[in-house]
Amino acid sequence: MRIVSLIENERGREGCAWAHGLSLYVESGKRAILVDFGPDGAFLENARRLGIDVGNVDAAFLSHGHYDHAGGMADFRAANGSAPIYVQKNAFGDHFADDGGSFRFIGVDRNFAALSSVVVLDGDADIGDDISVFTVARRAHALPSTNARILMKKGGELVPDDFSHEQCVVVNSGGARILLSGCAHSGILNIMEEFERKFGGAPDIAISGFHLMRKNGYGDDDVTEVRKIAEALLRYPTSFVTCHCTGLEPFSVMKEIMGEQLSYLRSGEELSVKAVVN
């Protein structure tokens, strides 16, 4: 199994672009899938540099309805006219960020809803060939505090986003179970517990942003939140690979606690599942 970060926030492989966003390419057996499309079409140029033909992708998934994961969706459709693109039913809703009193649209270009092969899901789904998606039905743990500025329009008013548009992808390959998430707006601890309920145990590998990044630095409460999440993840036998919206400072804090159980996948870098799963 091969997993490649086609684009991510941090500079990684030489010659590859990096940007605030995420796109992951996964080869498993005879299947090739894409999870997210980055903020624009730059992930396609990175794919070409890495020798990856996205025309061979046979299924694509949008983790949630934010521009930094969906901006390159039309570019992908132009490069691959046949692969279904699986999205949750609320992915094309009105999503905003509160930038200190001004509200910025951060949703998906509404024109993308009309792209051919878009498949709208309502919750969990079995895609076939050992690939499935799930949503988080229960949230026993607090959501990331950074979610506080993320809103959606409901009934003509801006209200806190419920992240019902977020989905996770599960790939079973060679006896390993791989969990792929975008930002974990539902909270990585809630996602892990939902995975356990639905799949009867923990994933071997979980690849996800943890949505802990802050633009204006980290206070004591923020560091405490990060530490508690890292300590809670230690109970799992999972190898965690993070990226995108975790933030380098939170990653450093988590790395001190989790050690070799946590790594970072930068733009253009590749993960070999055989190197992680014993």
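As shown above, the structure is provided for reference.
Read on for an overview of the structure. Sequence order as written defines the numbering, with residues in each chain counted from 1. Local features are withheld for residues below a pLDDT of 70 in this predicted model, meaning they are given only at 70 or higher, and side-chain atom pairs are given and counted only at 80 or more; totals for whole chains, interfaces and linings count all residues. With hydrogens and water stripped out, all remaining heavy atoms of the structure feed into the side-chain values.

## A closer look at the overall build of the chain
Link 1 in the chain: Of the regular secondary structure elements, the chain holds six helices and 18 strands.
Link 2 in the chain: Atoms counted for the radius of gyration: C-alpha only. Globule rule: 2.2 Å times the number of residues to the power 0.38. Here the chain has a C-alpha radius of gyration of 17 Å; the compact-globule value for 278 residues is 19 Å, and the two agree.
Link 3 in the chain: Dimensions along the principal axes, computed over C-alpha positions, put the chain at roughly 50 × 45 × 40 Å.
Link 4 in the chain: Burial classification: accessible surface area is computed with a 1.4 Å probe over protein chains only, and a residue below 20% of its type maximum counts as buried, one above 50% as exposed, and the rest as partly exposed. Per-residue burial over the chain gives 54% buried out of 278 residues.
Link 5 in the chain: Every accessible area reported is derived by Shrake-Rupley at a probe size of 1.4 Å, with residue values counting cover from the shown protein chains alone. As displayed, the chain offers around 11,700 Å² of accessible surface, 46% of which is attributable to carbon and sulfur atoms.
Link 6 in the chain: On the chain, the mean spot of the 27 positive side-chain charges and the mean spot of the 38 negative ones are 2 Å from each other. Only DSSP runs of H or I reaching four residues or more are called helices, and only runs of E reaching two or more are called strands; each is numbered from the N terminus. Counting rule for charge: Lys and Arg are taken as positive, Asp and Glu as negative, and neither His nor the chain ends is counted. For the purpose of locating charges, the reference atoms are NZ of Lys, CZ of Arg, CG of Asp and CD of Glu.

## A short note on the packing of aromatic side chains
Link 1 in the chain: Any Phe, Tyr or Trp ring, taking Trp's six-membered ring, that has another such ring centre within 6.5 Å forms a pair; planes under 30 degrees apart are called stacked, those over 60 apart edge-to-face, and the others tilted. Taken as a whole and assessed by the stated rule, the structure comprises eight aromatic pairs.
Link 2 in the chain: Aromatic pair Phe37 and Phe76: ring centres 5.5 Å apart, planes at 50°, arrangement tilted. Note that Phe37 is positioned in the loop between strand 3 (31-35) and helix 1 (42-49) and Phe76 in helix 3 (residues 73-79), a separation of 39 residues in sequence.
Link 3 in the chain: When the ring of Phe61 is compared with that of Tyr86, the centres are 5.2 Å apart and the planes differ by 20°; the resulting orientation is stacked.

## Structural notes on the sheet that holds strand 18 (residues 270-272)
Link 1 in the chain: The rule for pairing is simple: two strands pair if DSSP sees at least two bridges between them. Here we have seven strands laid out as an open sheet, ordered 8-5-4-3-2-1-18, and mixed in their pairing. A single partner strand is all that each edge strand has here, and the edge strands are strand 8 (118-121) and strand 18. On average, each strand axis in the sheet is inclined to that of its neighbour by 20°, with strand direction left out of account.
Link 2 in the chain: Inspection of the sheet shows strand 1 (residues 2-7) paired to strand 18 by three bridges, in the antiparallel sense. Throughout, an axis means a line fitted to C-alpha atoms (over the contacting stretch in the case of helices), and angles, computed between N-to-C directions, take values from 0 to 180 degrees.

## Notes on the nonpolar core
Link 1 in the chain: By convention a nonpolar core is built from buried Ala, Val, Leu, Ile, Met, Phe, Trp, Tyr and Cys residues, the set being connected through side-chain atoms within 4.5 Å. Counting residues in hydrophobic clusters, the biggest one holds 29 residues, and the most contacted among them are Leu6, Leu34, Phe37 and Phe76.
Link 2 in the chain: Non-local contacts of Phe37, meaning those with residues more than four positions away in its chain, are made with Leu22, Ser23, Phe43, Ala60, Phe61, Leu62, His69, Ala70, Gly72, Met73, Phe76 and Ile85.
Link 3 in the chain: Listed in part, the 27 residues of the second largest apolar core include Ile191, Met192, Phe240 and Met254. Any two residues having at least one pair of non-hydrogen atoms within 4.5 Å are treated as being in contact.

## Brief notes about the side chain of Thr238
Link 1 in the chain: Tracing the backbone through its elements, the reader meets Thr238 in the loop between helix 5 (220-233) and strand 16 (239-242).
Link 2 in the chain: A relative accessible area of 1% places Thr238 in the buried class.
Link 3 in the chain: Polar contact is the term for a pair of N or O atoms within 3.5 Å; when the atoms are in protein, one must be able to donate a hydrogen and the other to accept it, and sequence-neighboring residues count only if both atoms are side-chain atoms. A polar contact is formed between the side chain of Thr238 and the backbone oxygen of Pro203, at a distance of 2.6 Å.
Link 4 in the chain: Residues within four places of Thr238 in sequence aside, it is in contact with Met192, Ala202, Pro203, Asp204, Ile205, Ala206 and Gln261.

## Side note on the environment of Arg149
Link 1 in the chain: Checked against the element boundaries, Arg149 lands in the loop between strand 10 (131-134) and strand 11 (150-154).
Link 2 in the chain: Its relative accessible area of 33% is what places Arg149 among the partly exposed residues.
Link 3 in the chain: With 52 residues separating them along the chain, Arg149 and Ala97 place their C-alpha atoms 5.6 Å apart.
Link 4 in the chain: The residues touching Arg149, leaving out its near neighbours within four places in the chain, are Phe96, Ala97, Asp98, Asp99 and Arg104.
Link 5 in the chain: Among the polar contacts made by the side chain of Arg149, one reaches the side chain of Asp99 at a distance of 2.5 Å.

## What to know about the pattern of salt bridges
Link 1 in the chain: For salt bridges, the criterion is a side-chain nitrogen of Lys or Arg within 4 Å of an Asp or Glu carboxyl oxygen. Inspection of the entire model under this criterion finds 17 salt bridges.
Link 2 in the chain: Here Arg48 ties to Glu45 by a salt bridge, and the two come within 3.0 Å at their closest N and O atoms. Here Arg48 and its partner Glu45 are both found in helix 1, three residues apart, which amounts to about one turn of the helix.
Link 3 in the chain: Among the residues examined, Glu45 registers a relative accessible area of 34% and is labelled partly exposed.
Link 4 in the chain: The partner of Arg214 in a salt bridge is Asp222, with the nearest N and O atoms 3.1 Å apart.
Link 5 in the chain: Each of the salt bridges in this network shares a partner with another, and the network as a whole consists of Asp124, Glu194, Arg197 and Lys198.

## Considering helix 5
Link 1 in the chain: To estimate the expected span of a helix, count its residues, drop one, and scale the result by 1.5 Å. Taking 1.5 Å per residue, 14 residues should reach 20 Å; helix 5 reaches 20 Å between its end C-alpha atoms and fits that length.
Link 2 in the chain: Every buried residue belonging to helix 5 is among Asp222, Glu225, Val226, Ile229, Ala230 and Leu233, and all of these are buried. Looking straight down helix 5, one finds that the buried residues subtend no more than 130° of arc, so they occupy a single side. Every exposed residue of helix 5 that faces more than 90 degrees away from the buried side is listed here: Asp220, Asp221 and Lys228.
Link 3 in the chain: The elements touched by buried residues of helix 5 are helix 4 (188-199), strand 16 and helix 6 (248-258). Starting at the helix axis, one direction is taken to each C-beta atom, and the arc is that of these directions.

Take it as geometry only, folks, not as evidence of what the structure does.
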